[in-house]
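Single-letter residue listing:
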Amino acid sequence: MWLKKQIPNIITLLNLFSGCIAVIFAIQGDLVEAALFVMIGIGFDFFDGFAARVLNVQSELGLQLDSLADMVTSGVVPGVVMYQLLSQVVKAPTYMIPDSWSSELDTSVLDANYVPLLGLLITLASAYRLAKFNIDTRQTTSFIGLPTPANTLLIISLPLILAFQPEEWIAHFILNKWFLLGLTGISCYLLNAEIPLFALKFKTWDFGKNKIRYIFLLFTVLLIVLLKFLAIPCIILLYVFMSLLGENNAIQEKRA
């Protein structure tokens, strides 16, 4: 019985382990490898909840452990990845201590060194979102704001696109300081926005009750086949759009 209760927690710890490896790769600048272990971690993150429901061993400990693991895999890693991407764009030079304390500071050097740190705002916003999730009773069957794993997939898709779909126009678009800073701001906003988003949890396989989920999964498969890694940001945008559309339809039905 004790082992049965620990199975979901073990899976959660595998998520954390994958996230720790991803952090190491991200810090070293190996962003493709970091993305690979993030996706493995997100896979474990999905199956720990699934295992807890199937085994009927949900617990407060599991909830807290899940958030702590997500904080690494889907909080620290995307922030470091964005830091590394911004570092490439601004080409941050190595900071040198001036020969004399009276020497004037080179502000361009300071700008180059500090701008990439703004990418870590994603980590802060993720921490805030996870803390809110644990105490928000509204998010038992759906989400308020973009889930951290979905946001992480959005961020790690960038180095994957650059590595495996190296079209010049794509690289020029992604490796733009203002695009990356804008995406950082949008990411932080979506994580904590009061936007209702559907969850991919199937209580039954009935099409009528899960129509939006089935349609979303169908479009997801089509986009991946057609666009490969470029499909990931498109899928996240589709997820937000379909959630808003579904919420709007539900409001209209209630008024009718």
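These figures come from a predicted structure and were not determined experimentally.

Caption draft 1: Fine view of the overall build of the protein. The number of helices and strands found in the protein is 10 helices and 2 strands. Of the regular secondary structure in the protein, the N- to C-terminal order runs α-α-α-α-α-β-α-α-α-β-α-α. Per-residue burial over the protein gives 41% buried out of 256 residues. Considering only contacts in the protein between residues 6 or more positions apart, those separated by 24 or more positions represent 75%. Carbon and sulfur atoms make up 69% of the accessible area of the protein, which amounts to about 14,900 Å² in all.

Caption draft 2: A look at the nonpolar core. Judged by nonpolar contacts, the single largest core of 51 residues is most densely connected at Val81, Met82, Leu146, Leu158, Leu180, Phe216 and Tyr239. Excluding anything up to four places from it in sequence, Phe216 contacts Phe198, Leu200, Ile235, Leu238, Tyr239 and Met242.

Caption draft 3: Representation of unusual backbone geometry in the model. Positive phi, normally seen in glycine, also occurs at Lys228, with a value near 60 degrees. The class of Lys228 is exposed, set by a relative accessible area of 57%.

Caption draft 4: Looking closely at the packing of aromatic side chains. Evaluation of the coordinates by the stated rule reveals 8 aromatic pairs. The interplanar angle of 75 degrees and the centroid separation of 5.6 Å between the aromatic rings of Phe198 and Phe216 together place this pair among those described as edge-to-face. One end of the pair, Phe198, is in strand β2 (residues 196–198); the other, Phe216, is in helix α9 (residues 211–227), with 18 residues separating them in the sequence. The class for Phe216 is buried, based on a relative accessible area of 6%. Here a set of aromatic residues connected by ring pairs shows up, and it is made of Phe198, Phe216 and Tyr239.

Caption draft 5: Inspection of helix α8 (residues 177–192) at higher detail. If you check α8, its first and last C-alpha atoms are 23 Å apart, about what 16 residues at 1.5 Å a residue would give, namely 22 Å. The set of residues buried in α8 consists of Leu180, Leu181, Leu183, Thr184, Ser187, Cys188, Leu190, Leu191 and Asn192. For α8, the elements touching its buried residues are α3 (60–90), α5 (121–135), β1 (142–144), α6 (148–164) and α7 (168–174). Among the residues of α8, the N-terminal cap falls to Asn176, whose side-chain oxygen and the backbone nitrogen of Trp178 are separated by 2.9 Å.

Caption draft 6: Highlighting the side chain of Arg213. Relative to the assigned elements, Arg213 resides in helix α9. Judged by relative accessible area, Arg213 falls into the buried class, the value being 13%. Reaching out from Arg213, the side chain makes a polar contact with the backbone oxygen of Ala199 at a distance of 2.6 Å.

Caption draft 7: Summary view of helix α2 (residues 31–55). Its 25 residues give α2 an end-to-end C-alpha distance of 36 Å, which sits within 8% of 36 Å, the value for a rise of 1.5 Å per residue. Every buried residue of α2 is accounted for by Leu31, Ala34, Ala35, Val38, Gly41, Ile42, Asp45, Asp48, Ala51 and Ala52. Just downstream of α2, Asn56 is the residue with a positive phi angle, here 55 degrees.

Caption draft 8: Up close: the confidence of the model for the protein. In the predicted model, the protein carries a mean pLDDT of 86, and 85% of its residues have values of at least 70. Taken element by element, the predicted model of the protein shows its lowest mean pLDDT in helix α4 (residues 107–114) (60) and its highest in α8 (97). Every residue in residues 93–103 scores below 50 in pLDDT, and together they form 7 contacts with partners more than four places removed in sequence or on other chains. pLDDT under 50 marks residues 250–256. Its contacts with residues more than four places away, or in other chains, come to 0 contacts.

Caption draft 9: Summary view of the side chain of Ser18. Along the chain, the position of Ser18 falls in helix α1 (residues 2–27). Excluding its chain neighbours within four sequence positions, the residues that come into contact with Ser18 are Phe37, Ile40, Gly41 and Phe44.

Caption draft 10: Summary view of the packing of α3 against α5. α5 packs onto α3 with a crossing angle of 160 degrees between their chain directions and a minimal axis gap of 8 Å. Between α3 and α5, the interaxial angle falls into the category roughly antiparallel. Classified by chirality, the crossing of α5 by α3 is right-handed. On α5, the residues touching Leu63, Gln64, Ser67, Asp70, Met71, Ser74, Gly75, Val76, Pro78, Gly79 and Met82 of α3 are Ile122, Thr123, Ser126, Ala127, Leu130, Phe133 and Asn134. When the residues that make up the contact of α3 with α5 are grouped by side-chain class, the tally is 9 nonpolar, 8 polar and 1 charged.

Criteria and cut-off values
Residues numbered from 1 in each chain as written. Predicted model: local features only at pLDDT ≥ 70, side-chain atom pairs only at ≥ 80, totals over all residues. Heavy atoms only, no water. Helix = DSSP H or I, 4+ residues; strand = E, 2+ residues; numbered from the N terminus. Buried < 20%, exposed > 50% of the residue type's maximum accessible area, 1.4 Å probe, protein only. Contact = heavy atoms within 4.5 Å. Areas by Shrake-Rupley, 256 points an atom, 1.4 Å probe, with all protein chains shown as cover. Core = buried A, V, L, I, M, F, W, Y, C linked by side-chain atoms within 4.5 Å. Phe/Tyr/Trp six-rings, centres within 6.5 Å; stacked < 30°, edge-to-face > 60°. Expected span 1.5 Å × (residues − 1). Polar contact = N/O pair within 3.5 Å; in protein donor to acceptor, adjacent residues only side chain to side chain. pLDDT = per-residue confidence, 0-100. Axes fitted to C-alpha atoms, helices over the stretch in contact; angles between N-to-C directions. Parallel < 35°, antiparallel > 145°, perpendicular 65-115°, else oblique. Left-handed = near helix turned anticlockwise from the far one by under 90°. Nonpolar A, V, L, I, M, F, W, Y, C, P; charged D, E, K, R; others polar.

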